[in-house]
Amino acid sequence: MQVRQLGRSGPQVAQIGLGLMGMSDLYGPAERGESIATIHAALEAGVTLLDTGDFYGMGHNELLLREALAGGRRDNAVISVKFGALRDPDGGWSGSDCRPAAVKNFAAYSLRRLDVERIDIYRPARLDPAVPIEDTVGAIAELIKAGHVGHIGLSEVSAATLRRAHAVHPISDLQIEYSLISRGIEDEILPVARELGIGITAYGVLSRGLISGHWSARREGEQDFRGQFSPRFQGANLASNLALVEELRAIADELGVTVAQLAIAWVAAQGADIVPLVGARRRDRLREALGAVSLRLSAADLARLERVIPAGAAAGGRYHAHLARDLDSERAAS
């Protein structure tokens, strides 16, 4: 497992990270024991970056991670926590709160749930349109001075917001969706991140399972996050996107790897400043994802993938339009 630097100011982490959201929320039931075993297996394989959010399962995910890191495993982990998303008792979404007082309140609860003295990377999950990003970043900077946080990250923000935030305090990394079929960051966000020395932690590298090689038309209509909120998993869009997956499968078969491994390796090949986050909830899926580490794509491989799935090839947006409007990164792109 190679090591990558999260921007000029951030920590060193393994070249693949593990996203924990699906172990608590949004993708249907997950088995607690298997989730913990998967986190243990990731750490044993050399994975260091573990990404959670205080709103994943309304605190459940942080408590799960706390349990998984017991017995001395904390020293081997770089913990990334997202905050600010508001939920209601039924699991619904109520906007964001990134006021300085709220930032410190959320951090206090996360530190207690995780049972740690310091959160390694702390980031607002979304831009709060009612709060200047300078105020939010300034509050996290105060937590750094107090020793409660190590680094500041951001999530799903525009290039302009990146510049404003970085002017207040160095930003270690931007967490944002990036995959073969989600390439909106390439036009403006990624170049600005590189100009400023900000790393990319790429989530959705398998497009929420759509390009994993394991999704099928039979699963259309499943009422988790994908079936409810992502047009790419619905109707004619799904059929078109699964046809792209079959193009990927043909290349993967020739290379002797799985579709998921090929998709993850493509993201990793886009630059040493990019760390793919995989959302494996089970050890078998984790083992498959980690197989991408040994896959080195040649220039010819990358060119062929570009021909098969050029930017913009996906049918449907990442989110329904009313949800995309809440993303600072998407508003800038549109």
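Scroll up to find the structure this text is about.
Owing to the predicted nature of the structure, the values given are computational and were not obtained by experimental measurement.

A. Representation of the pairing of strand β8 (residues 119–124) within the structure. Most of β8 is tucked away, with six of its six residues classed as buried. Sheet topology places strand β5 (residues 78–83) next to β8; four bridges connect them, and they run parallel. The partner of S80 across the bridge, within β8, is I121. Two elements, β8 and strand β9 (residues 149–155), share three bridges in a ladder whose sense is parallel. Across the sheet, the residue bridging to I121 is H151, located in β9. Once you follow β8 into helix α4 (residues 133–145) and on to β9, the crossover reads as right-handed.

B. Here's a closer look at the nonpolar core. Judged by nonpolar contacts, the single largest core of 92 residues is most densely connected at L18, I39, L50, Y122, L162, L174 and L262. At eight residues, helix α9 (residues 259–268) tops the list of elements feeding residues into this core. Core analysis: the next-biggest nonpolar cluster, separate from the first, contains eight residues, V13, L49, Y203 and L277 among them.

C. Representation of unusual backbone geometry within the structure. Backbone geometry places E156, a non-glycine residue, at a positive phi of 50°. Relative to the helices and strands, E156 is located in the loop between β9 and α5 (159–168). In this structure, S207 is a non-glycine residue whose phi angle is positive, near 50°. Turning to its location among the elements, S207 is positioned in the loop between β11 (199–203) and α7 (225–229).

D. Layout of the side chain of R123. Along the chain, R123 turns up in strand β8. On the basis of relative accessible area, R123 is assigned to the buried category, the value being 1%. Residues within four places of R123 in sequence aside, it is in contact with D51, S80, V81, K82, F83, G153, L154, S155, D173, L174, Q175 and T201.

E. Structural view of empty space enclosed by the protein. All chains considered together, the criterion is met by one cavity of 30 Å³ or more. Of the volumes computed, that of the largest cavity is approximately 40 Å³. Here the lining of the largest cavity is built from residues that sort into one nonpolar, two polar and four charged.

F. Spatial organisation of the sheet that holds strand β4 (residues 49–53). A barrel is described by the order of its strands in space; here eight strands give the closed sequence β3-β4-β5-β8-β9-β10-β11-β12, paired in parallel fashion. Each neighbouring strand pair of the sheet contributes to a mean axis angle of 30°, computed without reference to strand direction. Relative to β11, strand β10 (residues 171–177) runs parallel, the two being bridged by five bridges. Bridge pairing in β11 links Q175 to T201. Sheet strands in contact with helix α3 (residues 100–114) are β5 and β8, and its direction is about 140° off that of β8. α4 rests against β5, β8 and β9 of the sheet, and its axis sits at about 160° to β9.

G. Local environment of the packing of aromatic side chains. Within the structure shown, the criterion is met by five aromatic pairs. Between the aromatic rings of F55 and W93, the centroid separation amounts to 5.9 Å while the plane-to-plane angle is 75°, which identifies the pairing as edge-to-face. Residue F55 is found in the loop between β4 and α2 (60–68), and its partner W93 is found in strand β7 (residues 93–96); the two are separated by 38 residues along the sequence. Ring geometry for F83 and F106: centres 6.1 Å apart, planes at 40°, overall tilted. With F83 in strand β5 and F106 in helix α3, the pair connects residues that are 23 residues apart, well separated along the chain. Across this residue pair, the class does not change: F83 and F106 are buried. Within the aromatic cluster, the residues linked to one another by ring pairs are F55, Y56 and W93. Lying across the ring of W93, R87 places its NZ or CZ 3.9 Å from the centre.

Criteria and thresholds
- Residues numbered from 1 in each chain as written.
- Predicted model: local features only at pLDDT ≥ 70, side-chain atom pairs only at ≥ 80, totals over all residues.
- Heavy atoms only, no water.
- Buried < 20%, exposed > 50% of the residue type's maximum accessible area, 1.4 Å probe, protein only.
- Helix = DSSP H or I, 4+ residues; strand = E, 2+ residues; numbered from the N terminus.
- Pairing = 2+ DSSP bridges.
- Right-handed = clockwise from strand over helix to strand, strands pointing away.
- Core = buried A, V, L, I, M, F, W, Y, C linked by side-chain atoms within 4.5 Å.
- Contact = heavy atoms within 4.5 Å.
- 1 Å grid on protein atoms, 1.4 Å probe; cavity = no way out; pocket = protein on both sides within 12 Å on 5 of 7 lines; lining within 4 Å.
- Points joined across faces, edges and corners; volume = space filled by probe spheres on them.
- Nonpolar A, V, L, I, M, F, W, Y, C, P; charged D, E, K, R; others polar.
- Axes fitted to C-alpha atoms, helices over the stretch in contact; angles between N-to-C directions.
- Phe/Tyr/Trp six-rings, centres within 6.5 Å; stacked < 30°, edge-to-face > 60°.
- Lys NZ or Arg CZ within 6 Å of the ring centre and 35° of its normal.

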